[in-house]
Amino acid sequence: MASGKAVIRARPWVAASFLLPALLLLGALVVYPIGYSIQRSLFDASGDSFVGLDNFKEIFTNDGIRTALKNNLIWIVVAPTVATALGLIFAVLTERVRWATVFKLVVFMPMAISMLAAGIIFRMVYEQNPDRGLANALATTVHDTFAESSGWPDAEPRPGGPLTVEEDGSYLLTEPVTAGTPALLPLVAVPQPQLSDAEPAVAPSGDPGEVSGTVWMDFTRGGAGAENTIDPEELALSGIKVEAVVDGRVVADTKTGDDGTFTLPAEADGAQLRLTSDNFTSPYNGIEWLGPNVVTPAIIASYVWMWAGFAMVLIAAGLASVPRETLEAARVDGAGEWQVFRRITVPLLAPVLGVVFVTLMINVLKIFDLVYVIAPSSSQADANVLALQLYLSSFGTGADQGVGSAIAVFLLLLVVPVMIVNLRRLRRENQR
Amino acid sequence: MTAPTMTAHVPDPADAPASAPAGPQRRPWGERLASLASGSVVRVILVVVGVLWLLPTAGLLVSSFRDPRDIASTGWWEALTDPGQWSFSNYDSLLGNEKFTGSVWTTVAITLPATALVVVVGALAAYAFAWMDFPGRDWVFLVVVGLLVVPIQVALIPVARLFNTLGIFETTAGVVLFHSAFGLPFAIFLLRNFFAEIPRELLEAARLDGAGELRLFFRVVLPLGGPAIAALAIFQFMWVWNDMLVALIFADAGSPPMTVALQQEMRQFGSNFDVLAPGAFLTMLIPLAIFFAFQRQFVSGVMAGAVK
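Scoring rules and cut-offs
Residues numbered from 1 in each chain as written. Chains lettered and ligands numbered in written order. Predicted model: local features only at pLDDT ≥ 70, side-chain atom pairs only at ≥ 80, totals over all residues. Heavy atoms only, no water. UniProt positions renumbered as here; feature names shortened; annotations may be inferred. Helix = DSSP H or I, 4+ residues; strand = E, 2+ residues; numbered from the N terminus. Buried < 20%, exposed > 50% of the residue type's maximum accessible area, 1.4 Å probe, protein only. Contact = heavy atoms within 4.5 Å. Areas by Shrake-Rupley, 256 points an atom, 1.4 Å probe, with all protein chains shown as cover. Patch = residues over 30% accessible without salt bridge, like charges linked within 9 Å, V, L, I, M, F, W, Y side chains within 5 Å. Salt bridge = Lys/Arg side-chain N within 4 Å of Asp/Glu carboxyl O. Domains from an automatic or database assignment. Core = buried A, V, L, I, M, F, W, Y, C linked by side-chain atoms within 4.5 Å. Pairing = 2+ DSSP bridges.

Identification of chain B as Carbohydrate ABC transporter membrane protein 2, CUT1 family from Streptomyces zhaozhouensis is taken from an unreviewed UniProt entry. Looking at chain B in UniProt, the text filed under Sequence similarities (unreviewed entry) is "Belongs to the binding-protein-dependent transport system permease family." Regarding chain B, the relevant UniProt record gives this comment under Subcellular location (unreviewed entry): "Cell membrane".

With an unreviewed UniProt entry as reference, chain A is termed Alpha-glucoside transport system permease protein, source organism Streptomyces zhaozhouensis. Under the heading Subcellular location (unreviewed entry), UniProt records this for chain A: "Cell membrane".

So this is what it looks like as structure tokens:
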């Protein structure tokens, strides 16, 4: 490029004075620190005694740092792959839509904001309570659409009452029922607000030709009611599934009505009554996004939210330079859209995809803010990454700058291949 | 049983009947997917994805206008149907909080000099690399390009020590210098490539008119470098404005920039979104304004500089 056609052979002091500020800053704050970090990584926490490669051994043996290393690996594999794939899909899909600019703006916008702001945004999205957190609000909505939620999660048999809790969570009336004798199935512990719509409980009919009974909330405010008796103010528990079981086999089942009563045909005579466990399972509360198990994928998702737009814009630029004629020729030859995409578009885009992927990898390698902000302190150790560990190791109480420097040097080593590729490309351009 | 009846939309009618008698009838699943994609399905997908992408930010914005008690009890979407929940009180109390307003000024005091310094120092060096001949030029430039991908983490410990010695640890000046240094490799790389494209006749003509190097730089090179300098300035501005890590270590914890102030708030009080939501939104205001006003420069800056 420019080399070889320089217009002036500058006097040394002129060139020097143009370069000096930049070289001073780079030398003192970038180049010298590299040397210092390499040297510091070979010394212990105090910086006085030489420990060889012990600090690097620490990276691979210390449990906490190993977690960080493992998470970094997950980050480096998953985040760039997902972001690049989404970017490619978005770029291809928007190619022929007229209002694509709006879509691109929306997806690219998160690039402009800080990781701190993104972190706060996703702290809110991932709030555990489905009434507040968007992610769990969506998760529970989807879940409850496909799985019926149970009616009385808090209801329990009265201790010492006729019902016992079985291993599977169902409640069993141990005495067998007989037709014509009303069965009473008292439950307790249902919070008052859940009973606001409940009707008063009604005593079972006791018709001789059938098994009948009542399931109700055996509790009168103020404690005036008698146990195992349907007192006037006591309320019915409706919609509870009742099964009649003989020798472990269900012979009949039904549900309680609004007044808490149910009737079963005469076959149920002599059976045991069981209130199935799905009446009482606690409601689905969504996923514990920031708990120890999924905190890393959850944070990676927020990263993808920020960076998929970057991938999309670069890939779209690459897509625009794919020659139309090549695509048209392939279509004329009878290739379908998918064939064109897989056999022509993607191979032609390969260099762009590579650049995007490598750029994201370098970026992800140093991920810090998002993890530091989103992971609550209870699961910070599970979400740990190298850059965060470096910060924790190097500053604050109990710091070990030897280990911190070793992590820094390790990160530097990981980007050296990219550095070499950059330099090779530059040399090639200069030789032209 | 034949494939054409199963596909809802055949993009090219010519090949459907012709291939009917012989040959494999089932088109690969990808093919069917692609033909579906050409239609209105794409539009639906894009709308759904677009809404999905907007929701998190919308949630922050809506929450920032809600009473702490509302935030604690219900989701932000409840406010969409209940105008009574909206108020400016969170912003009122945040903007009345001296610590927060102070942090806004600290952010400005860090960002503007760090941007200006990178542009000026970077442009000077880039001009020298592009148009001056001096011993070791290519070699030094190679080093600068090599520094492009150096992670800032490498410098945290050594520079903290160095700044301690110089007495600028935990000062705004230190943060500015750190950001400037790490912005320089990209600045020099970007501007040198741009300056090299300036027609040499322009420079020679100016020299014949007796312009000195400095005059040439300010009167010819800088104005011609406008687009590249704009992209660089916007990129660097956003980078510094949004930074948290460097400020966390090098800024004065007593009067930190906005990102660190909010982070401290979070550490101390947990999820008090009546402060965090408006605070986060205020930090986003300037970057978003720049993003919408200078989309093209921002995109070209990001495209050239995401290597950082």
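Picking up after the structure, the text goes on.
Within chain B one finds 17 helices and zero strands. The 308 residues of chain B split such that 51% are buried. Within chain B, residue pairs in contact and separated by at least 24 positions form 70% of the contacts whose partners lie at least 6 positions apart. Counting only carbon and sulfur atoms, one obtains 67% of the accessible surface of chain B, whose full area is about 13,600 Å².

Moving on, we come to a nonpolar patch on the surface. A surface patch of nonpolar side chains, about 390 Å² in accessible area, is lined by Leu-73, Ile-74, Val-77, Val-78 and Val-82 of chain A. Structurally, Val-78 of chain A is set in helix H3 (residues 63-94).

Below, the discussion takes up the domain arrangement of chain A. As far as domains go, chain A holds domain 1 (42-128 + 290-431) and domain 2 (156-279). Once you take the C-alpha centre of each, domain 1 of chain A and domain 2 of chain A turn out to be 58 Å apart.

This part takes up the nonpolar core. In this structure, Trp-75 and Tyr-303 of chain A together with Phe-195 and Phe-250 of chain B are the most contacted members of the largest nonpolar core, which totals 204 residues. The element that contributes the greatest number of residues to this core is helix H7 (residues 295-320) of chain A, accounting for 18 residues. Each residue touching Trp-75 of chain A, except ones within four places of it in the same chain, is listed here: Pro-80, Thr-296, Ile-299, Ile-300, Tyr-303, Val-364, Ile-367, Val-371 and Val-385 of chain A. Residues Tyr-171, Ala-268, Ala-271 and Leu-273 of chain A belong to the second largest nonpolar core, which totals 26 residues.

Side chains on a regular strand alternate between the two faces of the sheet. All names here are of chain A. Side chains of strand E8 (residues 261-264) alternate between two faces, with Phe-262 and Leu-264 buried and Thr-261 and Thr-263 left unburied. Two elements, strand E5 (residues 211-217) and E8, share four bridges in a ladder whose sense is antiparallel. Bridge pairing in E8 places Gly-213 opposite Phe-262.

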